[in-house]
Amino acid sequence: MKKILILIFASLVSIAQGQELNCQVSVQAPSIQGTADKEIFNTMQTAVREFMNNTKWGTDKFQNEERIECQITITVNEKISADEFKGKIEIKSSRPVFKSTYSSPMLSISDQYFQFKFNQFQTLEYIETNLNPNLIAVLAYYANIIIGFDYDSYSMLGGTAYFSKAHAIVNQMNSAREPGWRAFESDRDRYWLTENLLSPNYKPIRELEYNMHLKALDNMTKDKETSVRLIADGLEALKPVHNDKPNAYLLTVFFDAKSDELVNIFSGAPGDVKTKAKQTLDEINPANSNKYSKILEN
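In this text the structure is predicted, and so the values were computed from the model without any measurement.

Caption draft 1: Region of the structure containing the overall build of the chain. Of regular secondary structure, the chain possesses 11 helices and 4 strands. Computed over C-alpha atoms, the radius of gyration of the chain comes to 21 Å, within 12% of the 19 Å expected from 2.2 N^0.38 for 298 residues, which places it in the range of a compact globule. Taken along the three principal axes of its C-alpha coordinates, the chain extends 65 × 50 × 35 Å. Within the chain, buried positions represent 47% of all 298 residues. Residue pairs in contact within the chain that sit at least 24 positions apart in sequence constitute 67% of those at least 6 positions apart. Summed over all atoms, the accessible surface of the chain reaches about 14300 Å², with 51% contributed by carbon and sulfur. Taken as two groups, the 33 positive and 37 negative side-chain charges of the chain have centres that lie 3 Å from each other.

Caption draft 2: A look at the packing of aromatic side chains. This model, assessed by the stated rule, comprises 12 aromatic pairs. Summarising the aromatic geometry, the rings of Phe-149 and Phe-163 are spaced 5.6 Å apart at their centres and angled 75° between planes, so their arrangement reads as edge-to-face. Of this pair, Phe-149 sits in helix H3 (residues 134-152) while Phe-163 sits in helix H4 (residues 160-172), and the two are 14 residues apart along the sequence. For Phe-163, a relative accessible area of 0% translates into the label buried. Judged by centre distance (5.0 Å) and plane angle (85°), the ring pair of Tyr-191 and Trp-192 falls under edge-to-face. On the basis of relative accessibility, which here comes to 26%, the residue Trp-192 falls in the partly exposed class. Here the aromatic residues Phe-41, Phe-85, Phe-114 and Phe-116 are joined through ring pairs into a cluster of three or more. The lysine or arginine in question, Arg-95, covers the ring of Tyr-154, its NZ or CZ lying 4.0 Å from the ring centre.

Caption draft 3: Layout of unusual backbone geometry. If you check the backbone angles, Lys-99 has positive phi at about 55° while not being a glycine. With respect to the element layout, Lys-99 can be found in the loop between strand S3 (84-96) and strand S4 (103-117). A positive phi angle is found at Leu-157, which is not glycine, with a value near 60°. Looking at the secondary structure, you find Leu-157 in the loop between H3 and H4.

Caption draft 4: Representation of the nonpolar core. Counting 87 residues, the largest nonpolar core has Ile-145, Leu-235, Phe-255 and Phe-266 as the members making the most contacts within it. Broken down by element, the residue count for this core peaks at 14 residues, all from H3.

Conventions adopted
Residues numbered from 1 in each chain as written. Predicted model: local features only at pLDDT ≥ 70, side-chain atom pairs only at ≥ 80, totals over all residues. Heavy atoms only, no water. Helix = DSSP H or I, 4+ residues; strand = E, 2+ residues; numbered from the N terminus. Rg over C-alpha atoms; globule rule 2.2 N^0.38 Å. Buried < 20%, exposed > 50% of the residue type's maximum accessible area, 1.4 Å probe, protein only. Contact = heavy atoms within 4.5 Å. Areas by Shrake-Rupley, 256 points an atom, 1.4 Å probe, with all protein chains shown as cover. Lys, Arg positive; Asp, Glu negative; His and termini not counted. Charge placed at Lys NZ, Arg CZ, Asp CG, Glu CD. Phe/Tyr/Trp six-rings, centres within 6.5 Å; stacked < 30°, edge-to-face > 60°. Lys NZ or Arg CZ within 6 Å of the ring centre and 35° of its normal. Core = buried A, V, L, I, M, F, W, Y, C linked by side-chain atoms within 4.5 Å.

In short, shape yes, function no, at least from these values alone.
Set out below in structure tokens:
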């Protein structure tokens, strides 16, 4: 019996160390006031958190301290039926920077095409070949996106396997009645994110994720000027991407996560780097030009 208990304990420790995500989840429903609904949303919050954190998404094992920090916020705006809802889902993730207490933002996505079913007694279980209902498919999709971005920051194009998994989910859900999975619905949905991530046309964005994090930010305490110049050069490499497809979704995703961080990075840079970086950022991300004006103020 003692040996059995030891084996069970060892198995539980292994499971706890294996999962990739440390996901904080919040479910909000400001316009829905019923007591029964509040109970459902509390249950949903727990179910989503356990689903994200207890599912093994790949083959690599993670220690608890290595798990990827992320947040999911679900905002329910409309109750369609007793168990069907419509709203948005927001995904954020970050990555620790070597030899610092700083965490670099990796993702900040607001998905407006979120319609799903959930009942209070539902168990969320990941079955790769049967992603039903839509809630499970969307969560599994973003779990792979989060991990893929993290892996891209540690090795060149290292997240490809996870982006391919996310794209397979898109293909599997192509005939779903819920929105967000098809090319013709929007140029800012799940289809276009994985299409961009796996397209060679947008490879410079993924290369910048690697160079910016592993080669630059992780070496910032050792050689700040070289690190900052490396990031500036990486932004220069995005000009052809912007010129070819200025409204590419992946460009938007990158700058939604990184614009504030880039202001902080270049505000303390040498004068020539500041000027060059601001000009480049204004050109390839004009939507945030007001932010980038702060670069030259310091």
